[in-house]
Amino acid sequence: MSDFVADLVKRVKPSATIAVSMKAAELKRAGKNVIGLGAGEPDFDTPDHIKEAAIVAIQNGQTKYTAVDGTPELKQAIAAKLLRENHVAYQANEIIVSCGAKHSISNLLNAVINPGDEVIIPTPYWVSYPDMSLLAGGESVIVETTSDNDFKITPDQLEDAITAKTRLVMLNSPSNPTGKAYTADELKALGEVIAKRSHVLVATDDIYEHIYWGQEPLANLVALVPALKDRAIIINGVSKAYAMTGWRIGFAAGPEAIITAMRKIQSQSTSNPCSISQAAATAALDGPQDCLVTMQKAFKERHDYLVTALNELPGMTCGAGNGAFYAFPNVLAVIEQLDGVSDDVELATWLLDEAGVAVVPGTPFGAPGFVRLSFATSIDVLQAAVARIDAALKPHFG
Ligand code: PMP
Ligand code: GLU
């Protein structure tokens, strides 16, 4: 008998990052002693002034529908943020607020992809890009990068990947899962390749922009290559920077026609994002920004600790990142050493069973032979996780 599930949906994989986080939470609820390094969400609490703005919004009766694409106040705060921090000017009709950056990306893909259009996605990619593209009717064109080049796509690789059917290039810097960020020169060179091809759009997923400790200031693609302004869509949100994952507020800024199309989709699907969360996000963007510095400092300390510790574990090699909150070690030598473990997916299961540590395998990021560990958790928890992995691996390394 038919299960009535659409064929397209059968081809879509569930989100691996969410699956690992859910599994760790389930095991914890069942009384298992599991350390979850799967979830990509800050452990910090949302800053008090942001929570306060939400409470005031409830008290003031801001509990009704808002404009589909966000309140004028939040859109104004986003425009001011883009000008202040990214040096790019957008009007209210070029901005849309959605239920998280994930929703903004999904709206974008649905707004611009015709069946069979190609979406260029460099590896390692955030697990959701290819499946969101598939849901929108697109064909992912996966471009392999290597650790030798810090997992960054080169202008030549990008040039070679572009065809007459290319519709969109997905860029994400700092990257989930590698933690690497493009330098201004690198980003500009990629932007110039796209600028020459007038049928190609580019989405720049800047969700980790405030979790960054590189040498030079993080550059914005549109500020670097202004010629791209009518073909670039900036994706961002408050989830990561302001520890607001549960509030579900993300946004996109781009050409008016595309934003209008996204608004039409949103008007026929979710309508506006939560009114109270929008008031909170306005306070996050307009309010004091010192919380960003405090959190960034903590993430950098955790990064430095974890990357050093992973490199001291048998069989693991981990490059340093300059942003986001993930370590992405190569684990091929570990896989080689363990009987009954033949790839990173099996290794992730082994680590959960034998060490009680939940990590995400590299395969769903398009990077077999790696695993992703989130360091959006305290140093104490990270130390405990490393000790457990060490104890589980040691007997297998003689
Ligand atoms: N892009 C990347 C690269 C991410 O890691 C995430 C995290 N979920 C998102 C977008 C979406 O963020 P959110 O929907 O929570 O705003
Ligand atoms: N972006 C986070 C992660 O990669 C949150 C989970 C998700 O939405 O994928 O873990």
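Now for a look at the structure at hand. (Residues numbered from 1 in each chain as written. Chains lettered and ligands numbered in written order. Predicted model: local features only at pLDDT ≥ 70, side-chain atom pairs only at ≥ 80, totals over all residues. Heavy atoms only, no water.)

What follows concerns the side chain of Ser277. As for its placement among the helices and strands, Ser277 is situated in helix 11 (residues 275-286). The exposure class of Ser277 is buried, given its relative accessible area of 5%. When sequence neighbours within four positions are dropped, the list of residues in contact with Ser277 reads Trp247 and Ile249. (Helix = DSSP H or I, 4+ residues; strand = E, 2+ residues; numbered from the N terminus. Buried < 20%, exposed > 50% of the residue type's maximum accessible area, 1.4 Å probe, protein only. Contact = heavy atoms within 4.5 Å.)

Per the stated rule, a full pass over the model turns up three cavities of 30 Å³ or more. Here the largest cavity defines a volume of roughly 160 Å³. As for the largest cavity, its lining consists of 17 residues, of which Pro122, Pro124, Asn172, Ser175 and Tyr182 are closest to the centre. Ranked by residue count, the leading element in the lining of the largest cavity is strand 5 (residues 166-172), at three residues. Within the lining of the largest cavity, the residues separate by chemical class into 10 nonpolar, five polar and two charged. (1 Å grid on protein atoms, 1.4 Å probe; cavity = no way out; pocket = protein on both sides within 12 Å on 5 of 7 lines; lining within 4 Å. Points joined across faces, edges and corners; volume = space filled by probe spheres on them. Nonpolar A, V, L, I, M, F, W, Y, C, P; charged D, E, K, R; others polar.)

Paired through backbone hydrogen bonds, the strands of a sheet run either parallel or antiparallel to each other. Here three strands make up an open sheet; going across it, the order is 9-12-11 and the pairing antiparallel. Pairing within the sheet leaves two strands with one partner each, and these edge strands are strand 9 (326-327) and strand 11 (360-361). Where strand 11 and strand 12 (residues 371-374) come together, two bridges link them in antiparallel fashion. Looking at the pairing, Pro361 lines up with Val371 of strand 12. (Pairing = 2+ DSSP bridges.)

Take the site of ligand 2 next. Looking at ligand 2, the residues that line it are Ser15, Thr17, Ile18, Gly40, Lys102, Trp126, Asn176, Tyr208, Lys240, Tyr326 and Arg372. Between Arg372 and ligand 2, the recorded distance is 2.8 Å, taken from a side-chain N or O atom to an oxygen atom. At a threshold of 2 Å from the grid points, most atoms of ligand 2 map onto the largest pocket. (Near = heavy atom within 4 Å. Polar contact = N/O pair within 3.5 Å; in protein donor to acceptor, adjacent residues only side chain to side chain. Sits in = over half its atoms within 2 Å of the grid points.)

The next thing to look at is the site of ligand 1. In the neighbourhood of ligand 1, 13 residues make up the surrounding shell, with Ala101, Asn176, Asp205, Tyr208 and Lys240 lying closest. In the environment of ligand 1, an oxygen atom lies 3.0 Å from a nitrogen or oxygen atom belonging to the backbone of Lys102. Asn176 has a polar side-chain atom sitting 2.8 Å from an oxygen atom of ligand 1. With respect to the detected pockets, ligand 1 is housed in the largest pocket. Per-class residue counts for the shell around ligand 1 are five nonpolar, four polar and four charged.

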